[in-house]
Amino acid sequence: MMEREVSGTDLCLIMSNGVVDREAYQSLYYLYQPIIGVKALGLYQTFWSEMIPGKTKSQYISHAELGTLLGFSVDEFKDELFKLEGIGLIRTFEAKQAAYRYVYQIRVPLAPNTFLNDGVLSSLLFYRVGEIRFRALQNRFRTDPLPKNVVDRTVRFDQVFDVKAGLASAHQPKSYAKQERAAYEFDYSFDLEEMKRQTDRFLPRSFYTKSIDHLLLKLAYVTQSNEALMAELLNARFRHEAYLPMTDSEKQERCKQMMLSAKQKLSREKKAKVAVLEEVEVGELSETETMEGTHPKHYVAKLRKVKALSERDEELIQQLIIDYEMSSGIVNAAYYYALVIKKDNRFSKNFLLSIVDDWKQKGYVTAAEALAKTKEQDELISKKQDQKQERSRQTVGGRRGRPNAAGPNPKWLQEEKEKQQQYEATKKASFEAEVPDDEEMERILRELKGK
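All figures in this text were calculated on a predicted structure; none of them were measured in a lab. (Residues numbered from 1 in each chain as written. Predicted model: local features only at pLDDT ≥ 70, side-chain atom pairs only at ≥ 80, totals over all residues. Heavy atoms only, no water.)

What to know about the overall build of the chain
At step 1: In terms of regular secondary structure, the chain is built from 20 helices and four strands.
At step 2: Within the chain, buried positions represent 34% of all 451 residues.
At step 3: For the chain, the share of sequence-separated contacts (at least 6 apart) that also reach a separation of at least 24 residues comes to 71%. (Helix = DSSP H or I, 4+ residues; strand = E, 2+ residues; numbered from the N terminus. Buried < 20%, exposed > 50% of the residue type's maximum accessible area, 1.4 Å probe, protein only. Contact = heavy atoms within 4.5 Å.)

Structure below.
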């Protein structure tokens, strides 16, 4: 428990940040009270009762006066106050150089739907009241959806009120053209129904949705997990959370984290697979047929010449297949391009992701297509770079080496050039005449030896 000096003689000021309406009272009695208890709820209501009518603050009041109203000692007051602070119903500020020492700001309770969709608060309520009561509370505050086969006839703001054209356009929904991307089919022999039957004791069928089913199939493929192992992981991860309100995106994120941590938990079966990883036959790594027909775990391990993939590679492969929705062939081709063609020994993750993102934007579906198109692009870039370097060499030293754009040289310049060439030829002949031949060199050497 946090230590804080609270004296009965301390004066305090109570303020509010809103108004408690009927919905807020429903939250207080049905959702907050089972967690904080009736004493803390009484202190919260007492704070509200001290507010000046029509104002958002109270008169100065001491802790002893508040304790007298509730029959609390100073220690009891502090304990119940901490409960209110912890759950977010009170914020406490210490005043400096004022007539009062503390300012207590009363916070309006969360709306029921917001409370039940909060992972921490709903979990705490679930453990306090039990599954049956928790489900009853969910049903009590559940908002009924609109009936089916209804058409929205609501008029827009700008259709009713006279606003300027610029302001009216701000209320128009923006339509963004969805960029077309390549569609990758996913095929893996995993019995989803068998896995669900093994989780029926702990997880309700309502836990599974179409998107969750699709994600579990991909996770099973990426990690090479069978139905029994996947069911065991789901039971361990969601046994206490399956009945709590969770969105599909929250479930998906937790499923991904579940598989990433599976190497440390319940991994006997996976370790056995790692032991035989080297025994898996992998064809010629440079062949696109091998890339298309080999699981990325086996292909990348063979490419890196290791027995087991690192956690970084496992996480990266999972990200490429699940988040980027890439096929195994494209993933293998991207690794081959980065490690072999580009010879990226340090292997930058961002570099690999940029390759895959570029291929996805261009709609490449097979490894052969991706590598062929990328090779053409690399050759074109290399050719342009060579041309640029050649132009740079030609321009070094000012105009030297540039073709004469004004046409042929004038006659006087030609004559000067010929004279210079004749002079250089004469000097060269004179120099060569002065150089001794082989016989003369031998005579000179004999004379030197004789001396």
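More follows now that the structure is in view.
Comments concerning the packing of aromatic side chains
At step 1: Following the criterion strictly, the structure yields eleven aromatic pairs and no others.
At step 2: A connected cluster of aromatic rings, assembled from ring pairs, spans Phe47, Tyr102 and Tyr104.
At step 3: Positioned over the ring face of Tyr30 is Arg140, at 4.0 Å from the centre of the ring.
At step 4: Here Arg140 stacks its cationic end above the ring of Phe141, 6.0 Å away from the centre of that ring. (Phe/Tyr/Trp six-rings, centres within 6.5 Å; stacked < 30°, edge-to-face > 60°. Lys NZ or Arg CZ within 6 Å of the ring centre and 35° of its normal.)

Observations concerning the confidence of the model for the chain
At step 1: Residues at a pLDDT of 70 or more form 80% of the chain, whose mean pLDDT is 77.
At step 2: Mean pLDDT across the elements of the chain ranges from a minimum in helix 7 (residues 165-170), with 44, to a maximum in helix 1 (residues 22-49), with 91.
At step 3: For the stretch residues 165-187, pLDDT sits under 50, and the model shows 23 contacts to residues farther than four places along the chain or on other chains. (pLDDT = per-residue confidence, 0-100.)

Quick word on the sheet that holds strand 1 (residues 11-16)
At step 1: Reading across from one edge, 2-1-4-3 is the order of the four strands in this open sheet, with mixed pairing throughout. Whereas interior strands pair on both sides, the edge strands pair on one side only; in this sheet they are strand 2 (61-62) and strand 3 (90-94).
At step 2: Bridge analysis of strand 1 against strand 4 (residues 102-106) gives five bridges, and the strand direction is parallel. Paired with Cys12 across the bridge in strand 4 is Tyr102.
At step 3: Together, strand 1, strand 3 and strand 4 form the strand contacts of helix 1, whose direction differs from that of strand 4 by roughly 100°. (Pairing = 2+ DSSP bridges. Axes fitted to C-alpha atoms, helices over the stretch in contact; angles between N-to-C directions.)

Observations regarding the side chain of Thr46
At step 1: Summarising the element assignment, Thr46 is placed in helix 1.
At step 2: Contact partners of Thr46, with chain neighbours within four places excluded, come to Leu66, Leu69 and Leu70.

Topic: a negative patch on the surface
At step 1: Among the surface-exposed residues, Glu284, Glu287, Glu289 and Glu292 lie close enough to one another that they form a single negatively charged patch.
At step 2: Mapped onto the elements, Glu287 comes out in the loop between helix 12 (268-275) and helix 13 (288-293).
At step 3: Here Glu287 falls in the partly exposed class, since its relative accessible area comes to 39%. (Patch = residues over 30% accessible without salt bridge, like charges linked within 9 Å, V, L, I, M, F, W, Y side chains within 5 Å. Areas by Shrake-Rupley, 256 points an atom, 1.4 Å probe, with all protein chains shown as cover. Salt bridge = Lys/Arg side-chain N within 4 Å of Asp/Glu carboxyl O. Lys, Arg positive; Asp, Glu negative; His and termini not counted. Charge placed at Lys NZ, Arg CZ, Asp CG, Glu CD.)

Overview of the pairing of strand 4
At step 1: Within strand 4, four of the five residues are buried, which leaves the element mostly enclosed by the surrounding structure.
At step 2: Strand direction decides the pairing type here: strand 3 and strand 4, joined by five bridges, are antiparallel. Directly across from Thr92, in strand 4, lies its bridge partner Tyr104.

Structural notes on a nonpolar patch on the surface
At step 1: Taken together, the side chains of Met441, Ile444, Leu445 and Leu448 make up a nonpolar region of the molecular surface, amounting to roughly 350 Å² of accessible area.
At step 2: Its place among the elements puts Met441 in helix 20 (residues 438-450).

Quick notes on the pattern of salt bridges
At step 1: Taken as a whole and assessed by the stated rule, the structure comprises twelve salt bridges.
At step 2: Residue Arg205 is joined to Glu193 by a salt bridge in which the shortest nitrogen-to-oxygen separation is 3.5 Å. Here Glu193 lies in helix 8 (residues 192-199) and Arg205 lies in the loop between helix 8 and helix 9 (210-223), a separation of twelve residues in the sequence.
At step 3: Arg205 gets classed as partly exposed once you look at its relative accessible area, which sits at 40%.
At step 4: Residue classification places Glu193 among the partly exposed positions, given a relative accessible area of 38%.
At step 5: Among the ionic contacts, a cluster of salt bridges with common partners joins Glu5, Asp10, Glu94 and Arg101.

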